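Summary of structural features
The chain contents come next:
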Amino acid sequence: MILIDPPSVPARGRWWSHLISDTSHEELHAFAARLGIPRVAFDRDHYDLPADHYEAALAAGAVAVSPKELVARLARSGLRRAKYAVRPRRLAPGDNVRVVAPSGPARPDRVAAGVEVLESWGLRVQLAEGVGRRGPMRYLSAADEQRAADLQQAWCDPEVSAVWATRGGYGAQRLLDLLDIPVMAAAEPRLLVGYSDVTALHRAVGTRLGVASLHGPGVAALGDLSESARARLRSVVLDGGATELAGRWLVPAPAAVAGPLVGGNLAVLAAAVGTPEAGSARGAVALLEDVNEPPYKIDRLLTQLLRSGWFRGVRAVVCGGFTRCGDPADVESVLRDRLVDLGVPIVVGLPIGHGEENAPVLLGARAEVRVDATVRVVGLR
């Protein structure tokens, strides 16, 4: 249903209403397009409508509600997007971690080594039912229904404090239409950890639930981390420590820039265009990383995001590793060619992604890009 509150917010010499859908952003965008409202009027979860469009919106079928009711309906729908996502609490010894396999299969010995690391931190680890199974396709860890059920049960279990993916690969996107988002939105926020293909779940948790999630190593990679990388991950997860990383400028910033951190794996972000979880980088710091994509494919993926408007209004771009993507100089040439016209600071060389370090960063949380090309992302609460 399309809802609108009365013009009650003064700004730029006019009075404004808020237009929302409590069903989907697709419904909202289609309604706005019929009214001739430009997409640039969309801000995270609503359209800002000047007062002279209010009657037209009602005539087109929008339902008038109070501002309080509008916010409540938006929150209940799971579509509300605050500027910064809700940060889950840090973990403590004795907390339960549910290991799920939302994407590709992982070697049992590597999962066991990762579980041993988590247990050495005092955490209690449980494997979801689908971990260790095989799906109908050999690149899937289990059937879609099993993987979706494992994820939803873990998220909604009040005894579970963190949901930790085994690895990436492919398959997380196949789960998104099988999840009961309103039920998940009603559950207490908890920590989701993973990266690569898990970017699809990070986008869903961020855009549909409004919860921050940790872009970091999967369970199957924990045993291979260096001692320093493992210590940094432990500090973020158990101490709530911020992540501070040093990169280098591709396009320098004259002053510090801050905003919520969004993004993740470039290929998965581009594949999400046109879906309910795509969101955008408006007002945010966009994180990009990838693996095994040659420069021309990186060009294609960036071009897709640019043409879709995903980068419109972005405040800065920070790039992790582009591992096994060809000559790093060629990759940086593509990044410069495609992104320089955004007119925002661009940092490259951060130890995030498919490299040996894969520093953890909290997506949805405040990220600050400083004038010395360092990036600071706040941690768990």
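Residues numbered from 1 in each chain as written. Predicted model: local features only at pLDDT ≥ 70, side-chain atom pairs only at ≥ 80, totals over all residues. Heavy atoms only, no water.

Per an unreviewed UniProt entry, the protein chain goes by Muramoyltetrapeptide carboxypeptidase and derives from Nocardioides massiliensis.

What follows deals with the overall build of the protein chain. A tally of helices and strands in the protein chain yields eleven helices and 20 strands. For 381 residues, the compact-globule estimate of 2.2 N^0.38 gives 21 Å, and the C-alpha radius of gyration of the protein chain, at 21 Å, lies within 12% of that figure. Taken over the C-alpha atoms alone, the protein chain extends approximately 65 × 45 × 40 Å along its principal axes. Across the 381 residues of the protein chain, 55% fall into the buried class. About 15,900 Å² of surface is accessible on the protein chain, with carbon and sulfur atoms providing 51% of the total. (Helix = DSSP H or I, 4+ residues; strand = E, 2+ residues; numbered from the N terminus. Rg over C-alpha atoms; globule rule 2.2 N^0.38 Å. Buried < 20%, exposed > 50% of the residue type's maximum accessible area, 1.4 Å probe, protein only. Areas by Shrake-Rupley, 256 points an atom, 1.4 Å probe, with all protein chains shown as cover.)

Taking 1.5 Å of rise per residue, the 13 residues of helix α5 (residues 144-156) would be expected to cover 18 Å, and the 18 Å separating its terminal C-alpha atoms lies within 8% of that figure. Every buried residue of α5 is listed here: Asp144, Gln146, Arg147, Ala148, Asp150, Leu151, Gln152, Ala154 and Trp155. (Expected span 1.5 Å × (residues − 1).)

Bringing the pattern of salt bridges into the picture now. Under the defined criterion, the tally for this structure stands at 19 salt bridges. Salt-bridge contacts for Arg98 lead to Asp157; the nearest nitrogen and oxygen are separated by 2.9 Å. Linking Arg98 in strand β7 (residues 96-100) with Asp157 in the loop between α5 and β9 (160-165), this pair joins segments that are 59 residues apart in sequence. Classification of Arg98 by relative accessible area gives buried; the value is 13%. Residue Asp224 is joined to Arg110 by a salt bridge in which the shortest nitrogen-to-oxygen separation is 2.3 Å. With Asp224 in the loop between β11 (213-215) and α8 (227-239) and Arg110 in helix α4 (residues 108-120), this residue pair connects regions lying 114 residues apart in the sequence. Residue class for Asp224 comes out exposed when judged on its relative accessible area of 55%. Exposure remark for Arg110: the relative accessible area of 31% places this residue in the partly exposed category. (Salt bridge = Lys/Arg side-chain N within 4 Å of Asp/Glu carboxyl O.)

Considering all chains together, one arrives at three aromatic pairs under this definition. With 5.2 Å between their ring centres and 55° between their planes, Phe42 and Tyr47 make a pair best called tilted. Both rings, one in Trp310 and one in Phe311, keep their centres 5.1 Å apart while their planes meet at 85°; by these two values the pair is edge-to-face. The exposure class of Phe311 is buried, given its relative accessible area of 2%. Above the face of the Trp155 ring, Arg190 is positioned so that its terminal group lies 5.8 Å from the ring centre. (Phe/Tyr/Trp six-rings, centres within 6.5 Å; stacked < 30°, edge-to-face > 60°. Lys NZ or Arg CZ within 6 Å of the ring centre and 35° of its normal.)

Following the sequence through the fold, Ser280 ends up in the loop between α9 (266-271) and β15 (285-291). Sequence separation of Ser280 and Ala85 is 195 residues, and the distance between their C-alpha atoms is 14 Å. In this view, Ser280 contacts Arg203, Val262 and Trp310; residues no more than four positions away in its chain are not counted. (Contact = heavy atoms within 4.5 Å.)

Our focus in this paragraph is the sheet that holds strand β10 (residues 191-194). Taken in spatial order, the six strands line up as β8-β7-β9-β10-β11-β18 in an open sheet, and their pairing is mixed. This sheet does not close on itself; its edge strands, each paired only once, are β8 (124-127) and β18 (361-363). In this sheet, adjacent strand axes meet at a mean angle of 25° when their direction is disregarded. Pairing geometry for β7 and β9, over five bridges, is parallel. Along β9, the bridge assignment pairs Val100 with Ala165. The sheet strands contacting α8 are β9, β10 and β11, and the helix crosses β11 at an angle near 175°. (Pairing = 2+ DSSP bridges. Axes fitted to C-alpha atoms, helices over the stretch in contact; angles between N-to-C directions.)

Taking burial as the measure, the six residues of β9 include six buried ones, the bulk of the element. Tracing the backbone out of β9, into helix α6 (residues 181-186) and back to the parallel element β10 gives a crossover that is right-handed. (Right-handed = clockwise from strand over helix to strand, strands pointing away.)

Looking now at a nonpolar patch on the surface. Together, Met137, Tyr139 and Tyr170 make up an exposed nonpolar region whose accessible area comes to about 280 Å². Checked against the element boundaries, Tyr139 lands in the loop between β8 and α5. Accessibility expressed as a relative area gives 41% for Tyr139, which makes it partly exposed. (Patch = residues over 30% accessible without salt bridge, like charges linked within 9 Å, V, L, I, M, F, W, Y side chains within 5 Å.)

What follows covers the sheet that holds strand β13 (residues 248-251). To summarise the sheet geometry, strands pair through backbone hydrogen bonds and adopt either a parallel or an antiparallel arrangement. Read from one edge to the other, the open sheet built from eight strands follows the order β12-β20-β19-β14-β15-β16-β17-β13, with strand pairing classed as mixed. Pairing within the sheet leaves two strands with one partner each, and these edge strands are β12 (243-246) and β13. Pairwise comparison of adjacent strand axes, ignoring direction, gives a mean angle of 30° for this sheet. Relative to strand β20 (residues 374-377), strand β19 (residues 366-369) is paired through three bridges, and the arrangement is antiparallel. What sits directly across from Glu368, in β20, is Arg376.

One can describe the packing of helix α10 (residues 295-308) onto helix α11 (residues 328-339) by two numbers: an axis separation of 9 Å at closest approach and a directional angle of 20°. Here α10 lies roughly parallel to α11, going by the angle between them. In this structure, α10 crosses over α11, and the sense of that crossing is right-handed. Between α10 and α11, the contacting residues are Pro295, Ile298, Asp299, Leu302, Thr303 and Leu306 on the first element and Asp330, Val331, Val334, Leu335, Arg338 and Leu339 on the second. (Parallel < 35°, antiparallel > 145°, perpendicular 65-115°, else oblique. Left-handed = near helix turned anticlockwise from the far one by under 90°.)

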